[in-house]
Amino acid sequence: MIFLALGTSSFFESKEVRAFSNQIIQKGAVGDDVIELQSRLQYIGFYKGKIDGVFGWSTYWALRNFQSEFGLPIDGLAGWPTKLKLAKASKYNEQFVKKQMDAGNDFTHYGGVDQSKQSTPNPANKAPANQAPKQTAPPKNTAPKKAAPKKPTAANTPNGFSQNDIQLMANAVYGESRGEPYTGQVAVAAVILNRVNSSTFPNTVSGVIFEPGAFTAVADGQIWLTPNENAKKAVIDAINGWDPTGEALYYFNPDTATSGWIWGRPQIKRIGKHIFCK
């Protein structure tokens, strides 16, 4: 295990604090390094999710936002430059965090407040440790109150797509078609969704977008440009059912395409500079 020398021990909340192993941490990783990554990102306000040691999309976008804010390469990977910067900007008490996780407590705001308030998002609704919750008998001759009906959980996004799906699709639409008319941007989003729904392609948004060789914007890095509102709106319109392509699975720019294979696909229509195909 490697420890980083980051000044005096007073910087930390405990005498011995890990500052990551030597592995590069990336989406899909699990374990202690991810717990530390989530804790440090949450300590300084970038990560709002549950500290669970699973590097999912919420951790990924929190890490990218941290990298952007601190002038680091924005790649969603926790390599040494990112880990060093994060360790200097935050604190991590491994023993405290893991004790709370083992006790079943959820973190939503680790750091920034007294440790006694960091163990659970709703401390008023839970009994203190080692103390049974108080039980009170209902008043005599009083009928028990009916429990208030639970409010339905509002869907974050249309048709079951997560915020991360929408963000990633907006990045792809912007990287692939920001110079196209709005209909052409919706068309690119529709192709992504058509692939998700096709047995020929991966069945997730991220799987479709990051399939090797699938999108030029991924290959040249333009996928990581910040999308504008038009790109986001185009994604929502496509998710809500607008498909200007007629169920296309492919598209290409005839002025720049170098693959003979794509010219052999059955063409549906042209929108802007792109030809859409089956």
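The coordinates are above.
Read on for an overview of the structure. Quantities reported herein were computed from a predicted structural model and do not represent experimental measurements.

Rules used throughout
Residues numbered from 1 in each chain as written. Predicted model: local features only at pLDDT ≥ 70, side-chain atom pairs only at ≥ 80, totals over all residues. Heavy atoms only, no water. Axes fitted to C-alpha atoms, helices over the stretch in contact; angles between N-to-C directions. Helix = DSSP H or I, 4+ residues; strand = E, 2+ residues; numbered from the N terminus. Parallel < 35°, antiparallel > 145°, perpendicular 65-115°, else oblique. Contact = heavy atoms within 4.5 Å. Nonpolar A, V, L, I, M, F, W, Y, C, P; charged D, E, K, R; others polar. Pairing = 2+ DSSP bridges.

Some words on the packing of helix H2 (residues 57-69) against helix H5 (residues 163-177)
Then comes step 1: Packing of H2 against H5 leaves a shortest axis separation of 10 Å and a crossing angle of 50°. By the criterion of interaxial angle, the relationship of H2 to H5 is oblique. Contacts from Trp 57, Ser 58 and Trp 61 in H2 reach Asn 164, Gln 167, Leu 168 and Asn 171 in H5.
Then comes step 2: Of the residues assigned to the contact of H2 with H5, the class counts are three nonpolar, four polar and no charged.

Things to note about the pairing of strand S2 (residues 267-271)
Then comes step 1: Bridge count for S2 against strand S3 (residues 274-277) is four bridges, and the pairing is antiparallel. Paired with Arg 270 across the two strands is Ile 275, which belongs to S3.
Then comes step 2: The turn joining S2 and S3, which pair antiparallel and follow one another in sequence, is formed by two residues; a positive phi near 60° is taken by Gly 272.

Quick notes on the sheet that holds strand S1 (residues 250-252)
Then comes step 1: Strands sit in the order S1-S3-S2 across an open sheet of three strands; the sheet is antiparallel. The sheet is open, and its two borders are formed by S1 and S2, each paired with just one other strand. The sheet shows a mean angle of 25° between the axes of neighbouring strands, taken without regard to direction.
Then comes step 2: In terms of strand pairing, S1 meets S3 through three bridges, oriented antiparallel. Note that in S3 the partner of Tyr 250 across the bridge is Cys 277.

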